[in-house]
Amino acid sequence: MDVTSRVHNEVLNFSRDKSIVGMSLMPDEKNIRHLTATIPGPVSSPYEGGIFHVDITLPDSYPFVPPVMRFTTKVWHPNISSQTGAICLDILKDKWSPALNLKTTLLSLQALLSAPAPNDPQDAVVANQFLTDHAAFVATAKRWTEEFAKVSSAGFNVKVQKLVEMGFPEALVKKTLEAVGGDERKALERLCGI
């Protein structure tokens, strides 16, 4: 199976999977190897209530090599760079297997948000804070979630209403707006296929 077919199948299966709650996965209209995903912050974590955006690039040899993923939402987490969004996760490096897919990888990222691994950090400053002053780590992670990962519900609903009035289905509008970080112009471009 070629990469294009595999990605189409993965995205289709992802969208049909009712066990995936709150996540989205959208391919770029012009390049099937570039996708955007959203992951809800796990309940009972400092990231609860946040929507985290992930940029995904599939190398030419995918699925035999892992996808390249990075958070585009700023996250205060030991295994995610607070500067670049780079992710330290074994399945994105040496533990990758072609049996894995985008769904399992995104679920692993959500699990990583719940269970940081500060002894194998991507961001040493955050890892040090996690290990030496956990209360300050939790407070900072919650503040960053508030500041960078929460969409103002009033503003979001206004954008949804505008796009629905243009004739787009509400569920698709919400999913598209979440995938583009609430950017109404980008959402309209995606919805129109521009």
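Here the structure is a predicted model, which means the values were calculated and not measured. (Residues numbered from 1 in each chain as written. Predicted model: local features only at pLDDT ≥ 70, side-chain atom pairs only at ≥ 80, totals over all residues. Heavy atoms only, no water.)

## Some remarks on helix α1 (residues 3-16)
Put simply, the rule is: Only runs of H or I of at least four residues qualify as helices and only runs of E of at least two qualify as strands under DSSP, and these elements are numbered from the N terminus. One less than the residue count of a helix, multiplied by 1.5 Å, gives the span that helix is expected to have. A 1.4 Å probe rolled over the protein chains alone gives each residue an accessible area, and that area as a share of the maximum for its type sets the label: buried under 20%, exposed over 50%, partly exposed in between. Comment: arc refers to directions from the helix axis out to C-beta atoms. Whether two residues touch is decided by their heavy atoms; if any such pair falls within 4.5 Å, the residues are in contact.
The first and last C-alpha atoms of α1 sit 20 Å apart over 14 residues, in line with the 20 Å expected at 1.5 Å per residue. Among the residues of α1, those classed as buried are V3, R6, V7, E10, V11 and F14. All buried residues of α1 project into a common sector of 130° when viewed along the axis, lining one side. The inward-facing, buried residues of α1 abut β1 (24-27), β2 (34-40) and α2 (102-114).

## Remarks on helix α4 (residues 134-149)
The end-to-end C-alpha distance of α4, which contains 16 residues, comes to 21 Å, matching closely the 22 Å that a straight helix rising 1.5 Å per residue would cover. Regarding α4, the residues found buried are F137, T140, A141, W144, T145 and A149. One face of α4 carries all of its buried residues, which in axial projection span an arc of 140°. The outward face of α4, more than 90 degrees from its buried face, is lined by the exposed residues A135 and E147. Contacts from the buried residues of α4 go to β3 (51-57) and α3 (124-132).

## A word on the sheet that holds β3
Note the threshold: In this scheme, strands are said to pair when DSSP sees at least two bridges between them. Angles run from 0 to 180 degrees between N-to-C directions of axes, and those axes are lines fitted to C-alpha atoms, restricted for helices to the stretch in contact.
With antiparallel pairing, 4 strands are arranged side by side in an open sheet as β1-β2-β3-β4. Strand pairing shows two members of the sheet lacking a second neighbour, β1 and β4 (68-71), which therefore form its edges. With direction set aside, neighbouring strand axes in the sheet form an average angle of 20°. As defined by bridge partners, β2 adjoins β3 across 7 bridges and the pair is classed as antiparallel. Looking at β3, one finds that L35 is bridged to I56. Lying over the sheet, α2 contacts β1, β2, β3 and β4, oriented at roughly 40° with respect to β2.

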